[in-house]
Amino acid sequence: ETPRTVARVQLFDRPNTVDQVTGGLLVLSDGTTIRIGALPDDARKGLEICFPPKRVKWLLLAIDAVKSGTTNVGISEMAVFAR
């Protein structure tokens, strides 16, 4: 695994109005943790998370809160950028 520089992540919710992520934790391999709030519902736009550039091998999204009535917990897309 080659480390990559990461400075921005966009998270897109599932493309429906039934399921929605409302909270979680973005964890980077260097030990950085970033608390996230609700993703815009229905995946029409993403939640952008910006942070100082980090050199990491992996990142993980741990979802710990969803909208009432959610039956399928997850996201449709995660986009990772160097800047």
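Everything here concerns the structure above.
Let me begin by describing the structure that accompanies this report. (Residues numbered from 1 in each chain as written. Predicted model: local features only at pLDDT ≥ 70, side-chain atom pairs only at ≥ 80, totals over all residues. Heavy atoms only, no water.)

## Digging into the sheet that holds strand E3 (residues 33–36)
If you walk across this open sheet you meet the three strands as E3-E2-E5, and the pairing is antiparallel. Lying at the two open borders of the sheet, with one neighbouring strand each, are E3 and strand E5 (59–66). When strand polarity is set aside, the average angle formed by the axes of neighbouring strands in this sheet is 15°. Both strand E2 (residues 21–28) and E3 contribute to a ladder of four bridges, which runs antiparallel. Bridging across to E3, Val 27 finds its partner in Thr 33. (Pairing = 2+ DSSP bridges. Helix = DSSP H or I, 4+ residues; strand = E, 2+ residues; numbered from the N terminus. Axes fitted to C-alpha atoms, helices over the stretch in contact; angles between N-to-C directions.)

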